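These are the residues of each chain, in order.
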Amino acid sequence: MKRHGYHWHMLACVALIAISAFAFRRPAPPPESPAASGPQVQATGETRTYELTAAPVRWELRPGFTTDAYAYNGQIPGPEIRLKRGDRVKVTLVNKLDEPTTIHWHGVRVPAGMDGVPYVSQDPVPPGGSFVYDFIVPDAGTFFYHSHVDTDDQVDRGLYGPFIVEPAEGAVPDAVVALDDWLLDASGKRLATKYTYQESETDNLLDSVSEATRPPTGGARHMMPNGMMMGGMQHEGMMDHGFAPEINGRYGDTLTANGKAGDAVAPITVPEGGTRLLRLINASNAMAHELKADDGRLLEIVAVDGTPLAKPVRTGTLTLTPAKRFDVLLRDGDGKPWALVEKRETGSLRIPVNVFGQAGAEPVFVSDAPAPLDLSKRAPDAVVAVGTDRMMDPTTWTINGVPFDMEDPGQPLARFSRGTWVKIRFMNGTPMSHQMHLHGMFMTVIARDGSPVGQAYRQDTVVVRPNESVDVAVLADNPGDWVLHCHNLEHEEHGLMTKIRVEE
Ligand code: C2O
Ligand code: CU
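Residues numbered from 1 in each chain as written. Chains lettered and ligands numbered in written order. Predicted model: local features only at pLDDT ≥ 70, side-chain atom pairs only at ≥ 80, totals over all residues. Heavy atoms only, no water.

Colleague: How would you sum up the overall build of the protein? Please name residues and give values.
Modeller: When you go through the protein residue by residue, the secondary structure sums to six helices and 31 strands. Roughly 19400 Å² of accessible area belongs to the protein as shown, and the carbon and sulfur atoms make up 54% of that amount. (Helix = DSSP H or I, 4+ residues; strand = E, 2+ residues; numbered from the N terminus. Areas by Shrake-Rupley, 256 points an atom, 1.4 Å probe, with all protein chains shown as cover.)

Colleague: How would you sum up the coordination of the copper ion (ligand 2)? Please name residues and give values.
Modeller: All of the protein donors around the copper ion (ligand 2) are His434 (ND1), Cys486 (SG) and His491 (ND1); their distances to the metal are 2.1 Å. Here the donor residues for the copper ion (ligand 2) map to a single chain with the spacing H-x51-C-x4-H. Of this pair, His434 sits in strand 24 (residues 434-438) while His491 sits in helix 6 (residues 489-493), and the two are 57 residues apart along the sequence. According to the relative accessible area criterion, His434 is buried, its value standing at 1%. You can call His491 buried: its relative accessible area is 0%. (Donors = N, O, S within 2.8 Å, 3.2 Å for Na, K, Ca; no water. Buried < 20%, exposed > 50% of the residue type's maximum accessible area, 1.4 Å probe, protein only.)

Colleague: Tell me about the sheet that holds strand 10 (residues 254-257), and name the residues and values.
Modeller: Across a sheet, strands are paired by hydrogen bonds formed along the backbone, either parallel or antiparallel in direction. An order of 10-9-12-17-14-15 is seen for the six strands of this open sheet, with the pairing classed as mixed. Each end of this open sheet is capped by a strand with a single partner; those strands are strand 10 and strand 15 (307-315). Between one strand axis and the next, the sheet turns through 25° on average, direction left out of account. Where strand 9 (residues 174-182) and strand 10 come together, four bridges link them in antiparallel fashion. Of the residues in strand 10, the one forming a bridge with Trp182 is Thr254. (Pairing = 2+ DSSP bridges. Axes fitted to C-alpha atoms, helices over the stretch in contact; angles between N-to-C directions.)

Colleague: Lay out the environment of Ala266 in plain terms, naming residues and giving numbers.
Modeller: Inspection of the secondary structure assignment puts Ala266 in the loop between strand 10 and strand 11 (268-272). A sequence separation of 87 residues divides Ala266 from Val353, and the C-alpha atoms of the two residues are 9.3 Å apart. Residue contacts for Ala266: discarding those within four places in its chain leaves Ile351 and Pro352. (Contact = heavy atoms within 4.5 Å.)

Colleague: Residues and numbers for the sheet that holds strand 3 (residues 81-84), please.
Modeller: Read from one edge of the open sheet, four strands run 3-8-7-5, paired in mixed fashion. The open sheet has two edge strands with one neighbour each: strand 3 and strand 5 (103-106). Shown here is a sheet whose adjacent strand axes are inclined to one another by a mean of 20°, direction ignored. Bridge count for strand 3 against strand 8 (residues 160-166) is four bridges, and the pairing is parallel. Bridge pairing in strand 8 places Lys84 opposite Glu166.

Colleague: Give me the pairing of strand 4 (residues 88-95): which residues, what numbers.
Modeller: Bridging between strand 1 (residues 47-62) and strand 4 involves eight bridges; their strand directions are parallel. For Glu51, the partnering residue across the bridge sits in strand 4 and is Thr92. Bridging between strand 4 and strand 6 (residues 130-136) involves seven bridges; their strand directions are antiparallel. What sits directly across from Arg88, in strand 6, is Ile136.

Colleague: Now, about the pairing of strand 9: what can you tell me, with residues and values included?
Modeller: Each regular strand shows side chains that alternate between the opposite faces of the sheet. Across the nine residues of strand 9, nine count as buried, placing the element largely inside the fold. The alternating pattern of strand 9 places Asp174, Val176, Ala178, Asp180 and Trp182 on one face and Ala175, Val177, Leu179 and Asp181 on the opposite face, and all of these are buried. As paired strands, strand 9 and strand 12 (residues 275-282) are joined by six bridges and run parallel to one another. Bridge pairing in strand 12 places Ala175 opposite Leu278.

Colleague: Can you lay out the side chain of His487 for me, pointing to particular residues and giving the numbers?
Modeller: By the element assignment, His487 lies in the loop between strand 30 (480-486) and helix 6. For His487, a relative accessible area of 3% gives the class buried. In terms of polar contacts, His487 uses its side chain to reach the side chain of His146, at 3.4 Å. Ignoring any residue separated from it by four or fewer positions in sequence, one finds His487 in contact with His106, Phe144, His146, Asn285, Pro322, Ala323, Gln435, His437 and Thr461. (Polar contact = N/O pair within 3.5 Å; in protein donor to acceptor, adjacent residues only side chain to side chain.)

Colleague: Hey, could you go over the pattern of salt bridges for me, with residue numbers and the actual values?
Modeller: The final tally for this structure, using the stated rule, is 37 salt bridges. We note a salt bridge from Asp305 to Arg325, for which the minimum N-O separation is 3.4 Å. Here Asp305 is found in the loop between strand 14 (299-304) and strand 15, whereas its partner Arg325 is found in strand 17 (residues 325-331), with 20 residues between them in sequence. Asp305 sits in the buried class, given a relative accessible area of 0%. Notably, a salt bridge pairs Arg501 with Asp481, separated by 2.6 Å at the nearest N-O pair. Of the two residues, Arg501 is situated in strand 31 (residues 497-503) and Asp481 in strand 30; the sequence distance between them amounts to 20 residues. You can call Asp481 buried: its relative accessible area is 9%. The network of salt bridges with shared partners includes Glu80, Arg82, Lys84, Glu166, Asp174, Arg279 and Asp327. (Salt bridge = Lys/Arg side-chain N within 4 Å of Asp/Glu carboxyl O.)

Structure below.
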């Protein structure tokens, strides 16, 4: 919950940390040995070490267009971390910002003490401080890492990077592309993202959003039988314009692929007559990116949030909601170059795809994700109802009526015993979509508005549409406290978060 301004926050941070040590924060757990209590892993015995220094940087988005940003090791996205499943990784975060920070390993099933959530898994790393993250990676797939302190601000400024885990054997050549959007003026100056809430305007605004986002009749809301979001958000155009970011999230007009805009976007290659695995990561605060091939070819999604699909999905448009990762098998058709393009009213992106080199064998993707128990008849073990504090302040988001307090997370919303399958029901009582992200464990959507979904697959971030109810199954096998929040980062930072506990 942040209704105060950013500068106030920066000044108050140090004081808050000091006070909270006495007043309301329980001490962060001591560093654990890797995977001491996390998921079961077949370890390779290899250890890889990285150092990530978070610091301000002057970042060139394209020649002649630069902006003040934050970066890990001076680059946006931060350095790629690449491991094999079962490797141990040690990452030293060095904080050279003048505010606290942490790193969260999005989608990676780490032990709770390594999860990077301030006041839940660790103390924030103060300016000048450092912290060693040390864990074994239990799953192959496309993940990413990002700051989890003032997330809407620090991630917006550039603190994110790819985290790629190859299978223990049989890795295929890939290309990694992190998508982002920036809100800058013509000189490259970052525009404020912390608007002051004005009551009268916002009340009307919620009503108008409500009208505009009413789902079309006839069930068109669920564009894919498997519940994957393919057709885009109906209210996307609306969300691009005009409203305070606490409500819509922060939308920018400079779109980037791997930190570069316009002609500075690096091309990717596909071998002649062959395929290339494209690992796409949406690192935007709030934007759902929509990519198409400029020649209209179909694109084949083989994995979502790191986990291979039992059946690949072919689609003309890749819609990546915030935090979403798609692994896409790009194919050479006729030997001609093509491009992945995104065109919006407020900006565009073009990622050239060149044809180059010899084709190898066709890759095979196999999921070893455990099939969820059939929980369809069971009552939910936890209900997570998303709303706003409309009486007090509609820019404050709530779960079960309560806005999350970052500095004082309080008691968990639910407790689960370790090793059990649980059913969580999300109920969205608001006129906006939310991208509900669970830390530490995967979710499998089993029903939307009470109807079973088609293909089941594991995700760490699930879209819950306006006024929709979504049931997910979770294998609660990772002990500790885990946050569950919307990955529209403005929503996250304005209360749309809660905490669950998996007990030993
Ligand atoms: Cu990628 Cu808690 O977030
Ligand atoms: Cu949200």
